[in-house]
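Residue-level listing of the chains:
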Amino acid sequence: MKRKMTVVALSILALVTLVFVIGLLLPKQREFVKTANLKSSNEKVFQIVTDVENQPSWRSDVQEIKVIDPNTWTEIPKKGTPITFRTKQKIQNQLFEIEIIEPKSFKGYWVGTFEQTATGTKVVFKEVVIIDNPLFRVMSMLFVDLDKTMDIYIAHLKTKLGE
């Protein structure tokens, strides 16, 4: 029995060590960029994206937004960990940049650029996530699909805009 317990303990230790080593080999930074051409005006798109308090009304993945102050809020998803953001830069109808300030297990930022076109608005959304902990890097790669999350965000935005 003691031998079995030793084998189990060593197996678990070997697995954790393997995951840690894999995490060390993964890049700390993950970056995702999505572009969409929308039919709506630049002003309307910018207003909807930057009105974070009302995002639960059009984003099915967000349960609630808790506003801390005019530039800081916590997004409580229907699944996953709440994330607190702070506005870094906001240029009317052109740029909206926010940074992740909580949780401390990762950091990052999101930048949205808005360009008026002849047919509406071109948006470019860029999300960068930086994960220092190698174990969290592995978990992020396995369980967090930011590419899909951005696709869902754009789909929700288009629905909100009636497109």
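Right above here is the structure, for reference.
The model shown is predicted, which means the values in this text are computed figures rather than measured ones.

Draft legend 1. Quick look at the sheet that holds strand 6 (residues 107-117). The antiparallel open sheet is built from 7 strands, whose spatial order is 1-7-6-5-4-3-2. Only two strands of the sheet have a single partner each, and these edge strands are strand 1 (29-38) and strand 2 (62-69). Put simply, the sheet's adjacent strands are angled 20° from each other on average, direction ignored. Sheet analysis places strand 3 (residues 72-77) next to strand 4 (residues 83-91), joined by 4 bridges and oriented antiparallel. Residue pairing in the sheet places threonine 72 in a bridge with arginine 86 of strand 4. Sheet strands in contact with helix 2 (residues 42-50) are strand 1, strand 4, strand 5 (95-102), strand 6 and strand 7 (120-130), and its direction is about 160° off that of strand 6.

Draft legend 2. Representation of a nonpolar patch on the surface in the model. Nonpolar side chains collect at one region of the surface, where Phe136, Met139, Leu142, Phe143 and Val144 lie side by side and expose about 520 Å² of accessible area between them. By the element assignment, valine 144 lies in the loop between helix 3 (134-143) and helix 4 (146-161).

Draft legend 3. Broad picture of the nonpolar core. In this structure, Val45, Val49, Phe96, Phe114, Phe125 and Leu157 are the most contacted members of the largest nonpolar core, which totals 29 residues. The set of elements that each furnish at least two residues to this core consists of strand 1, helix 2, strand 2, strand 4, strand 5, strand 6, strand 7 and helix 4. Ignoring anything within four residues of it in the chain, the contact list for phenylalanine 96 reads Phe46, Val49, Thr50, Val52, Trp73, Thr87, Gln89, Lys90, Trp110, Val111, Gly112 and Phe114.

Draft legend 4. Summary view of the packing of aromatic side chains. Enumeration according to the criterion identifies 9 aromatic pairs in this entry. With a centroid separation of 5.1 Å and an interplanar angle of 80°, the aromatic rings of phenylalanine 46 and phenylalanine 114 are classed as edge-to-face. You can see phenylalanine 46 sitting in helix 2 and its partner phenylalanine 114 sitting in strand 6, a full 68 residues away along the chain. The same class applies to phenylalanine 46 and to phenylalanine 114, which are both buried. By the ring-pair criterion, three or more aromatic residues cluster together here, those being Phe46, Trp58, Trp73, Phe85, Phe96, Trp110, Phe114, Phe125 and Tyr153. Above the face of the tyrosine 109 ring, lysine 88 is positioned so that its terminal group lies 6.0 Å from the ring centre.

Quick notes on the rules
- Residues numbered from 1 in each chain as written.
- Predicted model: local features only at pLDDT ≥ 70, side-chain atom pairs only at ≥ 80, totals over all residues.
- Heavy atoms only, no water.
- Pairing = 2+ DSSP bridges.
- Helix = DSSP H or I, 4+ residues; strand = E, 2+ residues; numbered from the N terminus.
- Axes fitted to C-alpha atoms, helices over the stretch in contact; angles between N-to-C directions.
- Contact = heavy atoms within 4.5 Å.
- Patch = residues over 30% accessible without salt bridge, like charges linked within 9 Å, V, L, I, M, F, W, Y side chains within 5 Å.
- Areas by Shrake-Rupley, 256 points an atom, 1.4 Å probe, with all protein chains shown as cover.
- Salt bridge = Lys/Arg side-chain N within 4 Å of Asp/Glu carboxyl O.
- Core = buried A, V, L, I, M, F, W, Y, C linked by side-chain atoms within 4.5 Å.
- Buried < 20%, exposed > 50% of the residue type's maximum accessible area, 1.4 Å probe, protein only.
- Phe/Tyr/Trp six-rings, centres within 6.5 Å; stacked < 30°, edge-to-face > 60°.
- Lys NZ or Arg CZ within 6 Å of the ring centre and 35° of its normal.

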